[in-house]
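Here are the chains, one letter per residue:
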Amino acid sequence: MKLERPTSEKDRRALKVATQRSVGLAGGQASVAAITRVSQGTISDYANTGNARHQDSFMPIDVFCDLIKDRREAGEVLPLLSLLCEMAGGTFVRVTEPDRDTSAPDLELMAIGARLWAFPALISRLMAGEISQVEFREEALRLHPCLMNDLSKLIQQIQTADVEESKQ
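This one's a predicted model, so the numbers in the text were calculated from it and none came from an experiment. (Residues numbered from 1 in each chain as written. Predicted model: local features only at pLDDT ≥ 70, side-chain atom pairs only at ≥ 80, totals over all residues. Heavy atoms only, no water.)

## Examining the confidence of the model for the protein chain
Mean pLDDT over the protein chain works out to 84, with 88% of the residues at or above the 70 mark. Looking across the protein chain, the model is least confident in helix H6 (residues 104-116), with a mean pLDDT of 69, and most confident in helix H2 (residues 29-35), with 96. (pLDDT = per-residue confidence, 0-100. Helix = DSSP H or I, 4+ residues; strand = E, 2+ residues; numbered from the N terminus.)

## Things to note about the environment of Leu 126
Tracing the backbone shows Leu 126 in helix H7 (residues 118-127). Each C-alpha atom, one on Leu 126 and one on Phe 136, is 6.6 Å from the other, the two residues being 10 residues apart in sequence.

## Digging into helix H3 (residues 40-47)
Turning to H3, its buried residues are Ile 43, Tyr 46 and Ala 47. Along the axis of H3, the buried positions cluster into a sector of 90°, meaning they face one direction only. (Buried < 20%, exposed > 50% of the residue type's maximum accessible area, 1.4 Å probe, protein only. Arc of directions from axis to C-beta.)

## A few points about the environment of Cys 65
Assignment of secondary structure puts Cys 65 in helix H4 (residues 61-73). Judged by its relative accessible area of 36%, Cys 65 is partly exposed.

## A short note on the side chain of Thr 19
Position of Thr 19 relative to the elements: it lies in helix H1 (residues 9-25). Apart from the residues lying within four places of it in its own chain, the contact partners of Thr 19 are Tyr 46, Ala 47, Met 59 and Leu 80. (Contact = heavy atoms within 4.5 Å.)

## Describing the nonpolar core
Ranked by internal contacts, the top residues of the largest apolar core, which has 18 residues, are Val 32, Ile 43, Met 59, Phe 64 and Leu 67. Only H1, H2, H3, H4 and helix H5 (79-87) provide two or more residues apiece to this core. Phe 64 has contacts with Met 59, Leu 78, Leu 80, Leu 81 and Leu 84, leaving out every residue within four places of it along the chain. (Core = buried A, V, L, I, M, F, W, Y, C linked by side-chain atoms within 4.5 Å.)

This is how it looks when you write it as C-alpha cells:
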C-alpha cells in the first residue's frame, strides 16, 4: 500500500525554485556542473518547474553537499538549505568556527549559544503540535539545568580571567 507523500505539490515547487536560486547563487549551471558529478542538463532538470517530465527530479544529496561546501567557502548559505531547514521546522544557523586566539570562556559561550537554539526549536515543535505540553515541559526541564550549569561555569571562568588580568 502506497501512502500519500508528506510533501505537497507546493512544497516540491518551492524546492525547485530554491534549487534555481541556489544554482544561480553558485554561478549558474556550468559552474555547478564543474564542481559536482552531474552535467549542466541534469542540473537544469533539478530546477525545472515548467516541464511535467522533470517534476519528480530533485538534486541528490551528494550533489547538494558539494554545492553547500562550495558556497560555504564563499561565505554563503544556499536558499535550498534554508528552505529544507524551514520544512524541518527550524532555521539554519551558521556556527562560527573559533580561531587559535579564541579564549576558553569564548569557546564556552559559543557552546552555550548553540545549546540555547534548542529552546526556539522546542517551542516551534510545541506550536506545530508535534509534541504535547507535557513533552515540552520535560524537555525544557532537561535542558534548563544543563544551561544553568554551563552559565555558572562560564561566569566562574570570566571572573578567574578578570582576576588574572588585573594581576598583570
